[in-house]
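Summary of structural features
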Amino acid sequence: MNKYTAAIKAELSQITDFHSIEEIKSTPLNASVLAHLEMSDDLVNDILQTWEGKNLLKDSGFYRSYIRDVILRYCQNRSFLKSKLNLSDGMICGSVNNT
């Protein structure tokens, strides 16, 4: 996992309520390409397991495509959403040790 992807994982792992997930999901997609994002199955699974572990998902019917879409929308609007949701920067919060 590259540093950018690890930072995204660290930031999304800070979410503590389903409303924040819905807010990210409702953010419009743009045409930017995120070449530095490794959208791996491991990343999607890690976020899904983190949110399930915190009981943030309203039911167990959340599909990987939903989580993948939330991650993509977060990444395309990262600065705005990080500030709005009051998330610590994953690049500096000490959670990024992987390269």
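Residues numbered from 1 in each chain as written. Predicted model: local features only at pLDDT ≥ 70, side-chain atom pairs only at ≥ 80, totals over all residues. Heavy atoms only, no water.

Considerations on the overall build of the protein
Assigned secondary structure in the protein consists of 5 helices and 0 strands. When the helices and strands of the protein are placed in sequence order, the string is α-α-α-α-α. For the protein, long-range pairs separated by at least 24 residues make up 81% of all intrachain contacts whose partners lie at least 6 apart in sequence. (Helix = DSSP H or I, 4+ residues; strand = E, 2+ residues; numbered from the N terminus. Contact = heavy atoms within 4.5 Å.)

What about the confidence of the model for the protein?
In this model, the protein carries a mean pLDDT of 85, and residues with pLDDT of at least 70 account for 87%. Segment residues 95-99 is flagged for pLDDT under 50; beyond a separation of four residues in sequence, or across chains, it makes 11 contacts in the model. (pLDDT = per-residue confidence, 0-100.)

Topic: the packing of helix H1 (residues 3-12) against helix H3 (residues 41-53)
Interhelical geometry of H1 versus H3 gives an angle of 15 degrees and a closest axis separation of 10 Å. The angle between the axes of H1 and H3 places the two elements in the roughly parallel class. Judged by the twist between their axes, the crossing of H1 over H3 is right-handed. Every residue of H3 that contacts H1 at Thr5, Lys9 and Leu12 is listed here: Leu43, Asp46, Ile47 and Trp51. Looking at the contact of H1 with H3 residue by residue, the class counts come to 4 nonpolar, 1 polar and 2 charged. (Axes fitted to C-alpha atoms, helices over the stretch in contact; angles between N-to-C directions. Parallel < 35°, antiparallel > 145°, perpendicular 65-115°, else oblique. Left-handed = near helix turned anticlockwise from the far one by under 90°. Nonpolar A, V, L, I, M, F, W, Y, C, P; charged D, E, K, R; others polar.)

Here's the deal with helix H2 (residues 18-25)
Among all positions of H2, only Phe18, Ser20, Ile21, Glu23 and Ile24 are buried. For H2, the elements touching its buried residues are H1, H3, helix H4 (64-76) and helix H5 (78-84). You can read the cap of H2 off the contacts: a side-chain oxygen lies 3.2 Å from the backbone nitrogen of histidine 19, and it is on aspartate 17. (Buried < 20%, exposed > 50% of the residue type's maximum accessible area, 1.4 Å probe, protein only. Polar contact = N/O pair within 3.5 Å; in protein donor to acceptor, adjacent residues only side chain to side chain.)

Digging into H4
Counted at 1.5 Å a residue, the expected span for H4 with its 13 residues is 18 Å, and the 18 Å between its end C-alpha atoms agrees. Within the sequence span of H4, burial applies to Tyr66, Ile67, Asp69, Val70, Ile71, Arg73, Tyr74, Cys75 and Gln76. Where H4 is buried, its residues touch H1, H2, H3 and H5. (Expected span 1.5 Å × (residues − 1).)

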